[in-house]
Amino acid sequence: MRRANGHVRARADATGPRGLPISLDGVGVRRGAATLLRGVDLVVAARTRTLVIGPNGSGKSTLMRVLHGLVAPTEGRIDWGGLAAPPRGQAMVFQRPILLRRSAARNIDYALRIAELPRAERLRRIDGALAATGLAAIAAQSARTLSGGEQQRLAIARAWALAPEVLFLDEPTASLDPAASRAIEALVRDIHAGGTTIVMSTHNLAQARRLGERIVFLHEGRMTECTDAAEFFRAPRSPEAAAFLEGERL
Amino acid sequence: MTTLAESVRLALGLMAGFDAHLFGIVALSLRVSIASTLCATVIGLPIGAALAVRTFRGRGAIVATLNALMGMPPVVMGLLVYLMLSRAGPLGSLGLLFTPGAMVIAQTLLIAPIVAALSRQVIEDAWLEYRDQLTSLRAGAWRSALTLLWDTRYSLLTTVLAGFGRAVAEVGAVIIVGGNIDGVTRVMTTTIALETSKGDLPLALALGLILILIVVLLNFGAYATREWARARSG
Amino acid sequence: MNRRSWLVLVGWCALALRPALAQDRFIVVASTTSTEQSGLFDHLLPAFEADTGIKVRVVAVGTGQALDIGRRGDADVVFVHARSAEEKFLAEGQGVKRYPVMYNDFVLIGPKSDPAHIAGGHDIVAALRAIETAKAAFVSRGDRSGTHIAELALWKVAGIDIDKAKGPWYRDTGQGMGPALNSAAAMNAYILSDRGTWLSFKNRGDLEIVVEGDKRLFNQYGVMLVNPQKHPNVKADLGQKFIDWLVSPRGQSVIASYKIDGRQLFFPNAGSNA
């Protein structure tokens, strides 16, 4: 894992937030004999809402992890606003929410204590995040006893409380029912409205249509499209994307 | 089988009669085994957590060695500790030989590898699950290890109980380093060994039944506590 | 809460590890299983404690191991019953002086079926010869204990080189007196035992005393202070008090008063040349 070296002062974009834009140049990830990603050139600009889509096994999760700095590319270069390592201020929500064995409020508090916020500020943010995600009533309840939808909302609340510059979401609604999924989508929109850059992967085309401003399409580890969402859904440029939209299994 | 029936009667009689001598022996057994389990936990859990969370050269060798040490014969450990604590040995000036302290040391050394090896497995499994999220939150290795230790506390309790079971049941180490001195270092298991060697088999078996009963009660208690706590906090 | 729990844990560990308080006046005596298992110490030591206020901690192992404990300086006094081994201990400079204390006797135990036809005899040497001739099952302690050393000496007196003569009939178990008696009961074998352990032994099976009363079955106990010049940690004054008490008229009478089933087990003979 690339450790954040907060003391690195690189010549970042003076007008934008730290760590953005995220630039990938020929990034590839090879693990053993398998190639998970190859030749990805991508720029994630500040305040955009990017949806990463593609069939199963196309490398969506790997790309998300590379963008967040959890996985180092084996080829190519990546930088975060000119920085060689991702700065603090990025958060990630995974497909299955990973919550600690403690109350909902304490889960959020855990993340905030790592960020070294003072107690009063932590309490304020916890209340705010729980209210925003509609979880105020279960603040004291054990996180593990919440429903799937509530747990995922809590994971988002935890990320929200950190006030991140970038929020990554890796197929966050894959295991949720439609109602819970809609709730998550609404939250994502709210967070984006607050100025956070969103990068989210999904295998749900309808969701991509609803949420995407920009679409990144992956097929067998290659990025075949990276374009404005409206354009993508009207007229995809690559045959693989076209086939995917038609619903054919690739 | 008449020996068994006679032993059960003897055991019930001993317990009902609140035999003070017997209670002293039971109390010493529990004191020594609980103390060594606690010490082994204090030593073993951090080692298990460190091995689970960090990768470094030689880690595989250490893990394999720990697993192998779980099978250390107690009598061999007893002998090694005896040689260390004997006046003729390096730590003789501590004057610990033939005291309960020596028994605690020997048992701690026996159980710590068990606690470390088993907790490593438990925490490693949890680390697989938690790793991405904890890394994303920038928890760092030290904090991650502590978090995992707390979150796996129920499974770790089973590990600790396994260690305790090993401690309270062993006789080979404590008899060598303790000397089985009446009133000082005589515990349940060494008393059973002594009564067996004196040919008083019904009494030995009765004591054995009492020991088993105590261990069963302790485990029931631990299980009940665990389930109650788990229901409360998930 | 976590931090407090850790402190409690560490506190308990420290408490359990603390060595015995120095206020307790005590000595460690390395002795043999026969003296302990016969019940003599349960009778003797409370009297000594009452008279002097000194507690005695007995580590009961075989004679060989007891002397070894003395050599390592882990005991203050050794109290065993194998004169040759004790004299060797003295010659090595490990002990200060040997005091004879008491004697009991060995008895030859055997199965009621008596394959060697020796029951009721009073000649141990003839009995051993008969056992060897009949190749009857015989259990040996095999653990360098006083009893084992005595057994080997008797084979020698019988003119039998036991190392050569032993076969499947001679079972060298390497055990203490009690466990060896257990084995003999299970195998229906002959075995040499001290009378005290036999009298308090409960798992007799089909065994009974077959030969007793021979003067050569005489079993002398001696006590020695571990040499404080070699082992400075030895509690020389307390240890010497114990020895002095044992050979004093008071100690000797306590020894004589110990009985099992109305029968005296140990015969005090301090001051003799035994």
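Counting from 1, residues in each chain are numbered in the order their sequence is written. Chain A is the first chain written and ligand 1 is the first ligand written, with later ones labelled in order. Whole-chain, interface and lining totals are the exception, using all residues; otherwise, since this is a predicted model, local features are given only for residues with pLDDT of at least 70 and side-chain atom pairs are given and counted only at 80 or more.

Undergrad: Just give me the short version of the overall build of chain A, but keep the residues and values in it.
TA: Along its length, chain A carries eight helices and nine strands. Taken over the C-alpha trace, chain A has a radius of gyration of 18 Å; the compact-globule value for 250 residues is 18 Å, and the two agree within 12%. C-alpha extents for chain A along the principal axes are approximately 50 × 45 × 35 Å. Comment: burial labels come from other C-beta atoms within 10 Å of the residue's own C-beta, placed from the backbone, where a count of 20 or more is buried, 12 or fewer is exposed, and between is partly exposed. Counting the 250 residues in chain A, one finds 46% classified as buried. Here a strand is any run of E in DSSP of at least two residues, a helix any run of H or I of at least four, and the numbering for each starts at the N terminus. Throughout, radius of gyration means the C-alpha value; the globule benchmark is 2.2 Å times the number of residues raised to the power 0.38.

Undergrad: Mind laying out the overall build of chain C, listing which residues take part and the relevant values?
TA: From N to C terminus, chain C includes 12 helices and 12 strands. Overall, chain C is about 70 × 55 × 40 Å in size when its C-alpha atoms are taken along their principal axes. Taken over 274 residues, chain C has a buried fraction of 48%.

Undergrad: Tell me about the sheet that holds strand β9 (residues 222–228) of chain A, residues and numbers included.
TA: All names here are of chain A. Two strands form a pair only when DSSP identifies at least two bridges running between them. The six strands lie next to each other as β5-β6-β7-β3-β8-β9, forming an open sheet whose pairing is mixed. The strands lining the two open edges of the sheet, one partner per strand, are β5 (90–93) and β9. Ignoring strand direction, the axes of neighbouring strands in this sheet form an average angle of 15 degrees. Here six bridges tie strand β8 (residues 214–219) to β9, and the two strands are oriented antiparallel to one another. Each bridged residue has a counterpart across the sheet, and for His219 the counterpart in β9 is Arg222. In this analysis an axis means a line fitted to C-alpha atoms, helices contributing only their contacting stretch, and an angle means the value between N-to-C directions, from 0 to 180 degrees.

Undergrad: Residue-level account of the domain arrangement of chain C, with values.
TA: Residue and element names in this part refer to chain C. If you check the domain split of chain C, you get domain 1 (23–103 + 220–268) and domain 2 (105–217). Here, residue contact means that the backbone-derived C-beta atoms of the two residues sit within 7 Å. Taken together, the contact between domain 1 and domain 2 spans 18 residues of the former and 15 residues of the latter. For the side of domain 1 that touches domain 2, the secondary-structure elements that each account for two or more residues are α2 (33–37), α4 (63–71) and α5 (83–91). Ten residues, namely Ala, Val, Leu, Ile, Met, Phe, Trp, Tyr, Cys and Pro, are considered nonpolar, four, namely Asp, Glu, Lys and Arg, are considered charged, and the remaining ones, Gly among them, are considered polar. Taken together, the residues of the side of domain 1 that touches domain 2 break down into six nonpolar, 11 polar and one charged. Reported domain spans reflect what an automatic or database domain assignment gives.

Undergrad: Give me the sheet that holds strand β1 (residues 22–31) of chain A: which residues, what numbers.
TA: All names here are of chain A. Strand order across the open sheet formed by three strands is β2-β1-β4, with antiparallel pairing between neighbours. Of all the strands in the sheet, the pair left with one neighbour each is β2 (34–44) and β4 (75–80). Averaged over all pairs of adjacent strands, the angle between strand axes in this sheet comes to 25 degrees, irrespective of strand direction. Across five bridges, β1 lies against β4 in antiparallel orientation. Directly across from Ser23, in β4, lies its bridge partner Asp79. Across the sheet, helix α1 (residues 60–68) lies against β1, β2 and β4, angled at about 55 degrees from β2, the strand it touches most.

Undergrad: Kindly report on the environment of Ile184 of chain A, identifying the contributing residues and their values.
TA: With respect to the helices, strands and loops of the structure, Ile184 of chain A is situated in helix α5 (residues 178–193). It is 8.2 Å that separates the C-alpha atoms of Ile184 of chain A and Ile156 of chain A, two residues lying 28 residues apart in sequence.

Undergrad: Lay out the interface of chain B and chain C with the relevant residues and their values.
TA: If you look at the interface, chain B gives 25 residues, while chain C gives 28 residues. Elements supplying a minimum of two residues to the side of chain B that touches chain C: α2 (20–53) and α5 (100–136) of chain B. If one sorts the elements of the side of chain B that touches chain C by residue count, α2 of chain B sits on top with five residues. Residue classes in the side of chain B that touches chain C are distributed as 13 nonpolar, seven polar and five charged.

Undergrad: Outline the interface of chain B and chain A, supporting the account with residue identities and numerical values.
TA: Counting from both sides, the interface comprises 14 residues of chain B and, opposite them, 16 residues of chain A. Elements with a minimum of two residues in the side of chain B that touches chain A: α5 and α6 (140–151) of chain B. Element by element, the count of residues in the side of chain B that touches chain A is highest for α5 of chain B, at six residues. Residue classes in the side of chain B that touches chain A are distributed as three nonpolar, six polar and five charged.

Undergrad: Explain the nonpolar core to me, using residue names and the numbers behind them.
TA: By definition, a nonpolar core groups buried Ala, Val, Leu, Ile, Met, Phe, Trp, Tyr and Cys residues that connect through C-beta atoms lying within 7 Å of each other. Counting 213 residues, the largest nonpolar core has Ala106 and Val177 of chain B together with Val77 of chain C as the members making the most contacts within it. Looking at which element gives the most residues to this core, the answer is α5 of chain B, with 19 residues. In this structure Val177 of chain B touches Gly78, Val81, Tyr82, Leu85, Leu97, Ala102, Met103 and Ala106 of chain B, once residues within four positions along its chain are discounted.

Undergrad: Explain the confidence of the model for chain A to me, and be specific about the residues and the numbers.
TA: Regions with low pLDDT carry predicted coordinates that are not meant to be interpreted in detail. Per residue, pLDDT captures the predictor's confidence, and it can take any value from 0 to 100. Looking at chain A, pLDDT values average 89 and 92% of them are 70 or higher. Throughout residues 1–14 of chain A the model reports pLDDT below 50, and contacts reaching past four residues in sequence, or to other chains, amount to 27 contacts.

Undergrad: Let's hear about the pairing of strand β1 (residues 26–32) of chain C: which residues, and what values?
TA: Walk down a regular strand and you will see the side chains alternate between the two sheet faces. Residue and element names in this part refer to chain C. With six of its seven residues buried, β1 lies for the most part within the structure. Sheet topology places β1 next to strand β3 (residues 77–80); three bridges connect them, and they run parallel. Note that in β3 the partner of Val29 across the bridge is Val77.

Undergrad: Lay out the packing of helix α3 (residues 59–69) of chain B against α5 of chain B in plain terms, naming residues and giving numbers.
TA: Residue and element names in this part refer to chain B. Remark: α3 packs on α5, axes separated minimally by 8 Å, with the N-to-C direction vectors making an angle of 125 degrees. Accordingly, the angle class assigned to the pair α3 and α5 is oblique. In the crossing of α3 with α5, the sense of the turn from one axis to the other is left-handed. Of the residues in α5, those in contact with Val63, Leu66, Asn67 and Leu69 of α3 are Pro113, Ala116, Ala117 and Arg120. Tallied by class, residues from the contact of α3 with α5 come to six nonpolar, one polar and one charged. Roughly parallel means an angle under 35 degrees; roughly antiparallel, over 145; roughly perpendicular, 65 to 115; everything else is oblique. A crossing counts as left-handed when the near helix is turned anticlockwise from the far one by less than a right angle, and as right-handed when that turn is clockwise.

Undergrad: Pulling in residues and values, what's your account of α5 of chain B?
TA: Residue and element names in this part refer to chain B. What is called the bend at a residue is the angle between a pair of axes, fitted to the seven residues leading up to and ending at it and to the seven starting from it. Of all the bends in α5, the greatest, near 60 degrees, is centred on Tyr130. With 29 of 37 residues buried, α5 lies mostly within the body of the structure. Downstream of α5 by a residue or two, Arg138 has a phi angle that is positive, lying close to 65 degrees.

Undergrad: Describe α6 of chain B, listing the residues and the values that go with them.
TA: Relative to the 16 Å expected for 12 residues at 1.5 Å per residue, α6 of chain B spans 16 Å between its end C-alpha atoms, a close match to the ideal helical length. Inspection of α6 of chain B places Ser144, Ala145, Thr147, Leu148 and Leu149 of chain B among the buried residues, and these make up the whole buried set. The length a helix should cover is 1.5 Å for every residue beyond the first.

Undergrad: Which residues make up the arrangement of the chains, and what are the values?
TA: Ranking the two pairs of chains in contact by contact count places chains B and C at the top. Between chain A and chain C there is no contact; the minimum C-alpha to C-alpha separation amounts to 14 Å.

Undergrad: Break down the environment of Tyr190 of chain C for me, with residues and values.
TA: Residues and elements named next belong to chain C. In this fold, Tyr190 is placed in strand β7 (residues 190–194). Placed 74 residues apart in sequence, Tyr190 and Ala116 show a C-alpha to C-alpha distance of 9.4 Å. When sequence neighbours within four positions are dropped, the list of residues in contact with Tyr190 reads Leu108, Ile109, Gly110, Ile131, Ala136, Ala137 and Phe138.

Undergrad: I'd like to hear about the packing of helix α3 (residues 119–132) of chain A against helix α4 (residues 148–161) of chain A, residue by residue, with values.
TA: Residue and element names in this part refer to chain A. Contact pair α3 / α4: the axes reach a minimum separation of 9 Å and the direction vectors enclose 140 degrees. The angle between α3 and α4 falls in the class oblique. Considering only the axes of α3 and α4, their crossing is right-handed. Facing Arg125, Ile126, Ala129, Leu130 and Ala132 of α3, the residues of α4 in contact are Ala157, Trp160 and Ala161.

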